Every structure is written in C-alpha cells, then in structure tokens.
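# Examination of the molecular architecture
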Amino acid sequence: MTEQTTEPLRESAGTPAPHTPAVTPADAADAARLVSFGLQPRLQPARDAEYGELLRRYREDPPFARLADAVATGLGLIVLEVSDRAGMAVTADEDSVFAVRMGDYARRAATDSADRFLHGLAHLALAAMAFPRPEDLADDGYIGRVTVNGVDAFVRHACRKLEERAEEQGDNTDPVSDAPGLEAAWRVWARRSSTGATKDARRLAGSTTGIVGKAAAFLTESGFLQRTGDEAGGTYRTTARYQLQVRDLAGGAAMSELLGLGIVPVSDGTATLLPPDEGDDLDLVADAGLPFS
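Here is a short report on the structure shown in this document. Quick caveat: nothing in here was measured; it's all calculated off a predicted structure. (Residues numbered from 1 in each chain as written. Predicted model: local features only at pLDDT ≥ 70, side-chain atom pairs only at ≥ 80, totals over all residues. Heavy atoms only, no water.)

### With respect to the overall build of the protein
Definition in use: Secondary structure elements follow DSSP: runs of H or I no shorter than four residues count as helices, runs of E no shorter than two count as strands, and numbering proceeds from the N terminus. Residues count as neighbours in contact if any of their non-hydrogen atoms are within 4.5 Å of one another. All accessible areas in this document rest on Shrake-Rupley with a 1.4 Å probe, and a residue is counted as covered only by the protein chains that are shown.
Counting its secondary structure elements, the protein contains 11 helices and 5 strands. Of the contacts formed within the protein by residues at least 6 apart in sequence, a portion of 59% connects residues at least 24 apart. As displayed, the protein offers around 16200 Å² of accessible surface, 52% of which is attributable to carbon and sulfur atoms.

### Here we look at the pattern of salt bridges
Put simply, the test is: We define a salt bridge as a side-chain nitrogen of Lys or Arg found within 4 Å of a carboxyl oxygen belonging to Asp or Glu. The classification of residues rests on relative accessible area computed with a 1.4 Å probe and restricted to protein chains. Under 20% of the type maximum is buried, over 50% is exposed, and intermediate values are partly exposed.
By the definition in use, this model includes 14 salt bridges. Across the pair Glu81 and Arg85 runs a salt bridge whose closest N-O atoms are separated by 3.0 Å. A relative accessible area of 29% means that Arg85 is categorised as partly exposed. A salt bridge links Arg156 to Asp152, with the nearest nitrogen and oxygen atoms 3.4 Å apart. Of this pair, Arg156 and Asp152 are both found in helix α7 (residues 148–168), 4 residues apart, which corresponds to roughly one turn of the helix. Considered together, Arg156 and Asp152 belong to a single accessibility category, that of buried residues. A network of salt bridges, in which partner residues are shared, links Asp27, Asp30, Arg57 and Asp61.

### Describing the sheet that holds strand β4 (residues 225–229)
For clarity, the threshold we go by: Being paired, for any two strands, means DSSP has found at least two bridges between them. Geometry is summarised by axes, namely lines fitted to C-alpha atoms with helices restricted to the contacting stretch, and by angles between N-to-C directions that run from 0 to 180 degrees.
What the 3 strands build is an open sheet, ordered β3-β5-β4; its pairing is antiparallel. Only two strands of the sheet have a single partner each, and these edge strands are β3 (145–147) and β4. Here the strands of the sheet are splayed against their neighbours by 35° on average, with no regard to which way each runs. Summarising the sheet, β3 and strand β5 (residues 235–238) pair through 3 bridges and their orientation is antiparallel. Opposite Val146, over in β5, you have Tyr236 as the bridge partner. On the sheet, α7 packs against β3 and β5 and is oriented at approximately 80° with respect to β3. Helix-sheet contacts for helix α9 (residues 208–221) involve β4 and β5, and the interaxial angle to β4 is about 120°.

If you want it as structure tokens, here you go:
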C-alpha cells in the first residue's frame, strides 16, 4: 500500500505568479499630477477637489503611492509627508533642478557678502523662534507665530550673549576655530542699523528688520508662513510645510547653538524674549514679545 505523505503539495514551477495590475499611462499622469500639486506649496488640498482625490488615492492605493514616490524621486524630490494638512509636502535634494539654495536666494536679495550672511542668519532665527522646543516640532497641531521686530530683537539679544562669551574667552577679535558661524555673525548684525531710515519713514532693505522682513516674505511666497498682520513690522504664522522643513534643520549645529543661548524660555510653551538684565543697555524693539500657541 502506498504510504501517504502529510506534506502539502508543492506548486508546480509553471504556476503563474499573482497578477499585478500594469501601470497605465493614466496612472503615471495622475502620479505626476500629484507631485506637481506638491510643488505648489500655497495650494490647499481642501480647496482643490482633484488634489484632495489624488491624496486619498495615495493613501488608499499602495501601488499608486509607490508610483508617485518614484516620480518624485526621479525629479530629485524628497517626500516629507502626504496628508490632508500638508498636502504632498516635498523638498528638493541638493542636486534637484527645483532646489532653492540659500546662497542663490541671498545673492538675489543682496550683493554684499556680509548681507548674504545676514540673510542666512535671519532664516535661522525665524526657524528658531517659530519652533523653540523639540515638542513643538513633534506636535502636528502646533502653530508658531513670529514678528519681524521680534526676530530682530531675538538676534540682537543673541549678539549680546555671544559678545559676553567672546569676552570671557578673551576672543573679541576672531571667532574660535571650532565654533559655528554664529560666533562671527554677531559682530556684523550688531553693527547694522535695526531699521535705518528713508525720507518717507520706510525701513531700509539693508537694515536688520529689512533683512528679516525679506526672509519672512520669501517664506510666505514659498508657502511656509502666512502673513496675519502688520504689527511689530509684520506678523506671521507657520504652516505645516514649514514645520516639516524645520524638522530637517533642527539638528544643525547653528540652530542648536542659537537655541542653546537660553534666550527663548521653553518652560511652559509660551515663547517670549527674556527681559534684559538690570543695568543692561540693550534696547529691545517695542512689542518684541512673540505669542506662540
């Protein structure tokens, strides 16, 4: 009698693999369309039915999501998040044709090399004031609020801190070799006029508040900030896309050093500028305190 085996029958070598739907030109077009929406940072998914539908398909259709990710990768883009709050949030890697390099932005904003350096510092300070605590970056519901005058006052207070540190180290003329660029930046920012003056009382573009205002306007045009008023030189609130971008920036040495100066108290989630010490002759800009939610 033939002995029966309890082992399961093996599939023959000729058994066809499970059918995988082929990618159609229409699928590729939809994936590219979704990426194109992601490249329009000011476009809100809630206000565009096609964008919202493609986001839903991305979440519910894994093959389509992989296709959209592949399209983004081919364009030199990194997908940070795909959600109703942020849309398809993408950032460009350094080799992408969509990359906006700080050096390029600064060269458009100013011709002087010192001014270009200050524009970079303004962006760093805006990010630090918008999200002063790690938990602010981790909380998707957190909205930071900044003002132009407040950011300028924040940097000027940082300048005083850095100057004091340089004096303690006996290093008033040259920055220490292993210090981030902030050690040298305070000298340039502190010497620059806060507002300057024109005959019609407009702030000068080369003043420090003019530089911060330029940076805030650029971030607004890029969908990272939303202007909410004209008080204190201009008031702004952050967007989900800016939060995602700053998460990538937060690990940088310059950002860590700026926050490490202790100018932004982070005890209870209400970030404001620390008042000057008694006898300190630093004049903070009126309404420099920054409300955060």
